[in-house]
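So the chains spell out like this:
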Amino acid sequence: MANDKKNINDNKPKFSPYWIYGIMIALFLGFQLFNNGTSQDASATTPSDFFKFLEAGDVEKVDIIKNTRVAKVYLTAEAEAKDIHKKSKPTSFLPSTTKMPNYQFEFGDLQNFENQVNEITKDLPKKPVVKFDTETDNWGSLLMGLLPFILLIGVWIYIMRRMAGGAGGGAGGQIFNIGKSKAKLFDQNTEVKTTFKDVAGLEGAKEEVQEIVDFLKFPEKYTKLGGKIPKGALLVGPPGTGKTLLARAVAGEAKVPFFSLSGSDFVEMFVGVGASRVRDLFKQAKEKSPSIIFIDEIDAIGRARGKNAMSGSNDERENTLNQLLTEMDGFGTNTNVIVLAATNRADILDTALMRAGRFDRQIFVDLPDVRERKEIFEVHLRPLKKDEDLDLDFLSKQTPGFSGADIANVCNEAALIAARQGKESVDKQDFLDAVDRIIGGLEKKNKIVTPSEKRAVAFHEAGHAVVSWMLEHAAPLVKVTIVPRGRSLGAAWYLPEERLIVHPEQMLDEMCAALGGRAAEKVIFNKISTGALSDLEKVTKQARAMVTIYGLSEKVGNLTYYDSSGQNEYGFTKPYSEQTAELIDKEISDIIETQYKRAIALLEEHKDKLTELAEVLLEKEVIFKDNLELIFGKRAFEKEVTETPES
Ligand code: ADP
């Protein structure tokens, strides 16, 4: 029935309110044209001819238009019948009650013309009527009259378009579409090229989403035994780890309609729009079921409700979230709509959203480990022309803490660097340069650094290197450089161990190594500088985390002031008393000072080696682990980094 109606409508041209304006303007212009057109129809003539007609007594009336200096000549009925005037007979499309002029011409000076006319008509038995007139320019005044209206209508249409344009999607972008969902639909007709093969690593996550695809394809397999198909799955993990990629792969593999949108697409400047878009989205998805809805960055609407009671501004977001909650619970399991969502802030999501029955499953998509990084490299190296003997293991070991997106970026940068140097293929050095560039920014070889500053930087970096070499738990060093890069003047690069649980000794050793730079300046020059800002920032944050988050301080005790629900994010009050605040500050400062003293003691002891290393660094600008081994011998605590975890 609904379809029939639609067809009928389709055959008729669509009515639009703009038509009325069009018709009105056309009518108006038409009238003006025909009314005004008379003057154009009069034949042109010259003043001398006119005087002849006048003398012959053919003229009945002359209209002298003063402002345009045109004379309009009306002939008598008898004269019109004459041969010479045959052609001048005016024709008109419209029946007209007023007589129209037969001739018109331009006269020169009005006074002269008038005198001549008087001269000739003086002796005529039947004097023609001479009338003076002024004529306004009809077109001009019409335009001037209409202009404000045209402008007003134009501006109004523009604003309407802009407002409705935000809603996008629907036909013509009308204002009425604003409550429609902005989801992009992928189905059999849209080609999605991403498949699970393009997603490297993430085995667990892949398995879970693959199962979701399975649910939709063969629901009976699961419902046969009485199980219910889950309604939603939440992909959680740091940015760039491939959550969106995974969802795209689901769209490519599932072969069911896939609605994709971002949490912020629900947000609009009008109240109630978000909720209405949620309703519309689910309506569309249900019509096409089985289908998948994917909401990226769901934290834009899924933030915990009611913690920001002071400003009413998030009411709209709450309404949207409430609607989402209702919709997810509202449809029966048999509707076969599965909601996938991605976020990197699962901790701030509303608990109602995460309860079973809505997003029953949480799929963790973590930063890749060394083996997964290798697989990701393999995926992104596929399109590159690379050196035959490129060592993937080496590359993946050089990129700890990199996400999939970072690795994709490294591969691209490396290709660009190689191309810049006119190479035939991308080699290992290009990759290393790309990694350096992504971590540290662009090299600035021409930055002006005075020799004494350079010396200070060399000792600072050598200080980091020496301290980290001597401490058991500090991360192994990769290289030290004093080439200015981005905003830093030098850097020591480590290969951090990938730990899941960190012990206090490890944190303290790392802090001690971070303070090694400033300690070296103190030991060698007996003065400190501003160069240690980023080290201090890192150390302070770490110490604060030890005391207030991980409960690693003995004096403060096994307490944490971390709130995973995010309820206190905007709170003005601290969850501890003034005394505790003082204690915390004291503990933080104690931890840092102890480590600083430890670094100084270490460097005093190895002052000669520190100086030796700094001299090498000044000479070579970049030194690697091997250079350190030459000075210090093999590192005592060196552990073999396991290449592949046991399977
Ligand atoms: P997010 O988790 O922030 O949604 P994306 O899925 O948008 O991250 O990932 C960004 C890009 O990083 C992808 O387009 C892809 O090129 C790359 N990438 C991330 N993870 C992987 C992975 N596991 N395998 C292959 N490429 C990946």
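Structure first, text after, so check above.
Calculation rules
- Residues numbered from 1 in each chain as written.
- Predicted model: local features only at pLDDT ≥ 70, side-chain atom pairs only at ≥ 80, totals over all residues.
- Heavy atoms only, no water.
- Axes fitted to C-alpha atoms, helices over the stretch in contact; angles between N-to-C directions.
- Helix = DSSP H or I, 4+ residues; strand = E, 2+ residues; numbered from the N terminus.
- Left-handed = near helix turned anticlockwise from the far one by under 90°.
- Contact = heavy atoms within 4.5 Å.
- Near = heavy atom within 4 Å.
- Polar contact = N/O pair within 3.5 Å; in protein donor to acceptor, adjacent residues only side chain to side chain.
- Areas by Shrake-Rupley, 256 points an atom, 1.4 Å probe, with all protein chains shown as cover.
- Nonpolar A, V, L, I, M, F, W, Y, C, P; charged D, E, K, R; others polar.
- Domains from an automatic or database assignment.
- Phe/Tyr/Trp six-rings, centres within 6.5 Å; stacked < 30°, edge-to-face > 60°.
- Buried < 20%, exposed > 50% of the residue type's maximum accessible area, 1.4 Å probe, protein only.
- Lys, Arg positive; Asp, Glu negative; His and termini not counted.
- Salt bridge = Lys/Arg side-chain N within 4 Å of Asp/Glu carboxyl O.
- Pairing = 2+ DSSP bridges.

Trainee: Would you mind showing me how to read the packing of helix α8 (residues 203-217) against helix α10 (residues 243-254) here?
Mentor: The relative placement of two packed helices is expressed as an angle between their axes plus a distance between the axes. Closest axis-to-axis distance for the α8/α10 pair is 10 Å, and the angle between their directions is 35°. Along this stretch, α8 crosses α10, giving a crossing that reads as right-handed. Every residue of α10 that contacts α8 at A205, K206, V209, V213 and K217 is listed here: L246, V250, E253 and A254.

Trainee: Teacher, can you tell me more about the site of the ligand here?
Mentor: Taken together, 16 residues form the shell around the ligand, and within it A200, G240, K243, T244 and L245 come nearest. Residue T241 places a main-chain N or O atom 3.3 Å away from an oxygen atom belonging to the ligand. Contact with the protein chains covers 82% of the free accessible surface of the ligand, which is 550 Å². If you list the elements that add at least two residues to the shell around the ligand, you get α10, α15 (370-381) and α17 (404-420). When the residues that make up the shell around the ligand are grouped by side-chain class, the tally is eight nonpolar, six polar and two charged. When residues of the shell around the ligand are sorted by domain, at least three fall in each of domain 2 (179-364) and domain 3 (370-440).

Trainee: Where do I start with the packing of aromatic side chains in this structure?
Mentor: Geometry of an aromatic ring pair is reported as the spacing of the ring centres plus the angle between the planes. Within the structure shown, the criterion is met by 13 aromatic pairs. Ring centres of F53 and Y103 lie 5.1 Å apart, and the angle between their planes is 25°; on these two criteria the pair is classed as stacked. Of the two residues, F53 sits in helix α4 (residues 47-55) while Y103 sits in strand β4 (residues 103-106), which places them 50 residues apart along the sequence. One exposure class covers both F53 and Y103, and it is buried.

Trainee: Help me out: how do you make sense of the side chain of D63 in this one?
Mentor: Along the polypeptide, D63 turns up in strand β2 (residues 59-65). An unpaired buried charge is present at D63: no salt bridge exists, and K131, the closest side chain of opposite charge, is 4.1 Å distant. The contacts of D63, once residues within four sequence positions are left out, are V70, A71, K72, Y74, K131 and D133.

Trainee: It is not clear to me how the pairing of strand β3 (residues 70-75) should be interpreted in this structure. Could you clarify?
Mentor: A regular strand carries its side chains on alternate faces of the sheet. Extensive coverage of β3 is indicated by the burial of six of its six residues. The alternating pattern of β3 places V70, K72 and Y74 and A71, V73 and L75 on opposite faces, both of which are buried. Strand direction decides the pairing type here: β2 and β3, joined by six bridges, are antiparallel. If you follow D63 over to β3, its bridge partner there is K72. The turn joining β2 and β3, which pair antiparallel and follow one another in sequence, is formed by four residues; a positive phi near 55° is taken by R69. By the bridge criterion, four bridges tie β3 to β4 in an arrangement that is antiparallel. Bridging from a neighbouring strand, V70 pairs with E106 of β4.

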